[in-house]
Protein chains: 2
Amino acid sequence: MTTSTVENYVKQLYVEQEANPGEMVLMGRLAAAMEVAPGTATSMVKTLADAGLADYQPRGGVRLTSRGQQLALHVLRRHRLVELFLVKILGLDWSQVHDEAEALEHVVSDIVLDRIDELLGYPTVDPHGDPIPTSSGRVHDPKRMNLASCPIGRPQRIVRVLDQNPAFLQFIERQGLMPGTKVTVADREPAADAVRLRLSPKRETTLGLAAANKILVEATATA
Amino acid sequence: MTTSTVENYVKQLYVEQEANPGEMVLMGRLAAAMEVAPGTATSMVKTLADAGLADYQPRGGVRLTSRGQQLALHVLRRHRLVELFLVKILGLDWSQVHDEAEALEHVVSDIVLDRIDELLGYPTVDPHGDPIPTSSGRVHDPKRMNLASCPIGRPQRIVRVLDQNPAFLQFIERQGLMPGTKVTVADREPAADAVRLRLSPKRETTLGLAAANKILVEATATA
DNA sequence: ATCTTCATTTTGATTAATCAAAATTGATCC
DNA sequence: GGATCAATTTTGATTAATCAAAATGAAGAT
Ligand SMILES: [Mn+2]
Ligand SMILES: [Mn+2]
Ligand SMILES: [Mn+2]
Ligand SMILES: [Mn+2]
């Protein structure tokens, strides 16, 4: 029996490892991410290690084993399929679904998940553009540029938003910058913390650099 | 914060009270129903009492307070709406959904539940014919006859099945006795533990008395 | 009035997850 | 080579839920 808590830690470790490939995750980082006291992280990590889900070097950090990684991918699959289901089938707002999925991800069975997957037509990304791992634990996660670093003047399509905060997501939605949208960076003024975007010949907006960094894009076919 | 465990105990107490209206629920009964040791039931009941969800008389039994009853009805509402959702929208078999709902009932939020309710067209009964309490905690649960006691020769419609056991439900389904089906009791032979049913002019079946007791019916309009 | 019995309650442990605060350690800086 | 600092680990408690086994009590039986 793997508890919800174990699933949450393993998932967080996976995310942390993706953010810093190759490096060990330090206890401080993990404790902060999980919002627990440092000692709690240490003790949970020992539990994960005992369960064969992570390798732990005291004072050196943690790393998921491949079993741990598989578990993380299964939890992420559940999380992301549930999110998409909540948006597409139940009509919730994309800013609400992360928190809902945070609880549901520990409870949906394989049978239910398969039905959801089928009902959604075997999707590959969730409402935020995050890739959905396959049931065998594979993810397709190509390197992407973001609105703070992509070339200026070349048309792009928004493909992913790297922040689950409801207020941020609502802001993005109000700006009309959800995944699927086409944009062109008109220009950037780093000194003014501003990225000017053109959405259509008549519509344009400005974003701060921190926000622009969290919006991933893909160059569209030069039509 | 009310835990899943508290929700499960309160729900069980409600069911137990429905089965024996007016009486106090004894610790032995509760412990057996929850499949825990007797001492565990005693200690959980004290917790419920402290939380104002139940009245507890040592050695006299427990009874839900009205707050406890409201909570029970909310959990039952979640459970039953989720069951119907799993059958109608995700296409699961009615024999599987009880166990799934047992976990999901503690995790679906009000927002999600409202969407499910809407998507299903504000249903009043779940796949087993169990009534779905309203969001304000009202249930419409009329007294019903069953196939072991209803009049012989008068056409009936099956409206509810009082057993969530998957094997039993599969059996009922194979016999073509799901809620909605019309049947007439042809005759009964208590000595032989047999109830003969007519489903149509050409189709008939036999049930044991224990099974017949668990199938509730309603007399159909004498067409 | 006492005995017997069985349901119930109590007691003492255990497991998972957590915290606060103390102890430890590794590294950096004189 | 020490002193100092920050991160980490340890220690000792706490809460929820559970069990096994011992203690208690209420009823009925003699
Ligand atoms: Mn979670
Ligand atoms: Mn997402
Ligand atoms: Mn339950
Ligand atoms: Mn049901």
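Here's a quick rundown of the structure. Everything quoted here is computed from the prediction, not taken from an experiment. (Residues numbered from 1 in each chain as written. Chains lettered and ligands numbered in written order. Predicted model: local features only at pLDDT ≥ 70, side-chain atom pairs only at ≥ 80, totals over all residues. Heavy atoms only, no water.)

### Focus: the sheet that holds strand β6 (residues 194-198) of chain B
Basically, it comes down to this: Only when DSSP finds a minimum of two bridges between them are two strands counted as paired. Strands here mean DSSP runs of E at least two residues long; helices mean DSSP runs of H or I at least four residues long; both are numbered from the N terminus.
Taken in spatial order, the six strands make up an open sheet running β3-β8-β4-β5-β6-β7 (chain B), and their pairing is antiparallel. In this open sheet, the two strands that pair with only one neighbour each are β3 (145-146) and β7 (204-207) of chain B.

### Quick look at the protein's contact with DNA strand D
Applied cut-off: The cutoff for a nearby residue is simple: one of its non-hydrogen atoms must lie within 4 Å of the molecule or strand. In protein, a polar contact requires one atom able to donate a hydrogen and another able to accept it; more generally it is a pair of N or O atoms within 3.5 Å, and residues adjacent in sequence count only if both atoms are side-chain atoms.
Taken together, 19 residues surround DNA strand D, and among them Lys46, Tyr56 and Arg59 of chain A together with Thr3 and Thr40 of chain B come closest. Each atom of DNA strand D within 4 Å of the protein belongs either to a base or to sugar and phosphate, the latter forming 74%. Here Thr42 of chain A contributes a side-chain N or O atom positioned 2.9 Å from a phosphate oxygen of DNA strand D. One nitrogen or oxygen atom from the main chain of Arg59 of chain A is found 2.8 Å from a phosphate oxygen belonging to DNA strand D.

### Digging into the environment of Ile132 of chain B
Residues and elements named next belong to chain B. Put simply, the test is: Exposed residues in this analysis have more than 50% of their type's maximum accessible area, buried residues have under 20%, and partly exposed residues fall in between, with area computed by a 1.4 Å probe over protein chains only. It only takes one pair of heavy atoms within 4.5 Å for two residues to be counted as in contact.
For Ile132, the location among the structural elements is in the loop between α6 (110-119) and β3. Classification of Ile132 by relative accessible area gives buried; the value is 8%. Sequence separation of Ile132 and Gln170 is 38 residues, and the distance between their C-alpha atoms is 22 Å. The contacts of Ile132, once residues within four sequence positions are left out, are Arg77, Arg80, Leu81, Pro123, Thr124, Val125, Asp126 and Arg138.

### Remarks on the pattern of salt bridges
Rule in force here: Take a side-chain nitrogen of Lys or Arg and a carboxyl oxygen of Asp or Glu: if they are within 4 Å of each other, that pair is a salt bridge.
Across all of its chains, the model carries 24 salt bridges over all chains by this definition. Two residues, Lys11 of chain A and Glu105 of chain A, come together in a salt bridge whose shortest N-O distance is 3.2 Å. Linking Lys11 of chain A in helix α1 (residues 4-19) with Glu105 of chain A in the loop between α5 (97-104) and α6 (110-119), this pair joins segments that are 94 residues apart in sequence. For Glu7 of chain B, the salt bridge goes to Arg78 of chain B, with nearest N and O atoms at 2.8 Å. Taken together, the residues Glu7 of chain B in helix α1 (residues 4-19) and Arg78 of chain B in helix α4 (residues 66-88) connect sequence positions 71 residues apart. A relative accessible area of 7% means that Glu7 of chain B is categorised as buried. Looking at Arg78 of chain B, the relative accessible area reads 12%, which means it is buried.

### Structural notes on the coordination of the manganese ion (ligand 4)
Residue and element names in this part refer to chain B. Just so we agree on the cut-off: Only nitrogen, oxygen and sulfur atoms count as donors, using a 2.8 Å cut-off from the metal that widens to 3.2 Å for Na, K and Ca. Water is left out, so coordination shells may look unfilled.
Every protein donor of the manganese ion (ligand 4) is accounted for by Glu83 (OE), Asp126 (OD) and His128 (ND1), and the metal-donor separations fall at 2.1 to 2.3 Å. All donor residues of the manganese ion (ligand 4) come from one chain, and their arrangement in sequence is E-x42-D-x1-H. With Glu83 in helix α4 and Asp126 in the loop between α6 and β3, the pair connects residues that are 43 residues apart, well separated along the chain. Judged by relative accessible area, Glu83 falls into the buried class, the value being 0%.

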